[in-house]
Amino acid sequence: MAVVVAGRRGVVRLWQQVGRPFRKPPKTLDELKTAVVVEAAKLPNPVLVVIDDIDRLASGAAMRVLQVVRANADLPKLVYLVPFEVVSVLLLIALIGSIMIARERA
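Residues numbered from 1 in each chain as written. Predicted model: local features only at pLDDT ≥ 70, side-chain atom pairs only at ≥ 80, totals over all residues. Heavy atoms only, no water.

Some details on unusual backbone geometry
Among all residues except glycine, the phi angle is most often negative; among peptide bonds, the trans geometry is most common. Operational definition: Partly exposed residues are those whose accessible area sits between 20% and 50% of the maximum for their type, while under 20% is buried and over 50% is exposed, using a 1.4 Å probe and protein chains only. Runs of H or I in DSSP of at least four residues are treated as helices and runs of E of at least two as strands, each being numbered from the N terminus.
Positive phi, normally seen in glycine, also occurs at D53, with a value near 65°. Looking at D53, the relative accessible area reads 31%, which means it is partly exposed. For K77, which is not a glycine, the phi torsion comes out positive at approximately 65°. Within the secondary structure layout, K77 lies in the loop between α3 (59-72) and β2 (78-81). Note on K77: relative accessible area 31%, which makes it partly exposed.

Quick look at the structure:
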């Protein structure tokens, strides 16, 4: 069984449950990641994160979403479902890559 979190209220409720141990904020990003890993492992059920329509985002926003998914893919009990049109996302990634190359050359 998975936890279904829909919309802002669902995210707030999930954070109220999962965020309890974080009353004292971690000092570094590594400390935060370690704390999240420890607490996520304690969840009784996996959390399914569905991110739809990234192929309709602006190229920079789509790339940031994919980077967030990649950065958090190793968290226990967290499963991402990211449906997208492959061609559109590949074009976005190619566009970002060409912009970055052009900036480096300038």
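Next comes the rest of the description.
Details of the confidence of the model for the protein
The condition is simple: Values of pLDDT, the confidence the predictor places in each residue, fall between 0 and 100.
Summary statistics for the protein give a mean pLDDT of 77 and a share of 75% for residues scoring 70 or more. Across the protein, the element-wise mean pLDDT spans from 61 in helix α1 (residues 7-18) up to 88 in β2.

Re helix α4 (residues 86-105)
Note the cut-off: Multiply 1.5 Å by the residue count of a helix minus one, and that product is the helix's expected span. What the arc describes is the spread of directions from the helix axis to the C-beta atoms. By definition in these notes, contact holds between two residues if any of their heavy atoms fall within 4.5 Å.
Given a rise of 1.5 Å per residue, 20 residues ought to cover 28 Å, and the 29 Å separating the end C-alpha atoms of α4 matches this to within 8%. Those residues of α4 lying buried are V89, L92 and I96. Buried residues of α4, seen end-on, are gathered within an arc of 55° and therefore sit on one face of the element. Residues of α4 that are exposed and point more than 90 degrees away from the buried face comprise V87, L90, L91 and R105. The inward-facing, buried residues of α4 abut α3.

Quick notes on the pattern of salt bridges
The criterion, for reference: Any Lys or Arg side-chain nitrogen located within 4 Å of an Asp or Glu carboxyl oxygen qualifies as a salt bridge.
The tally for this structure, following the rule as stated, stands at two salt bridges. Of the charged contacts in the structure, one is a salt bridge between D74 and K33, with a shortest N-O distance of 3.0 Å. In this pair, D74 sits in the loop between α3 and β2 while K33 sits in helix α2 (residues 29-41), placing the two residues 41 residues apart along the sequence. Judged by its relative accessible area of 54%, D74 is exposed. Residue R56 pairs with D53 through a salt bridge whose shortest N-O separation is 3.1 Å. Overall, the relative accessible area of 68% leaves R56 in the exposed class.

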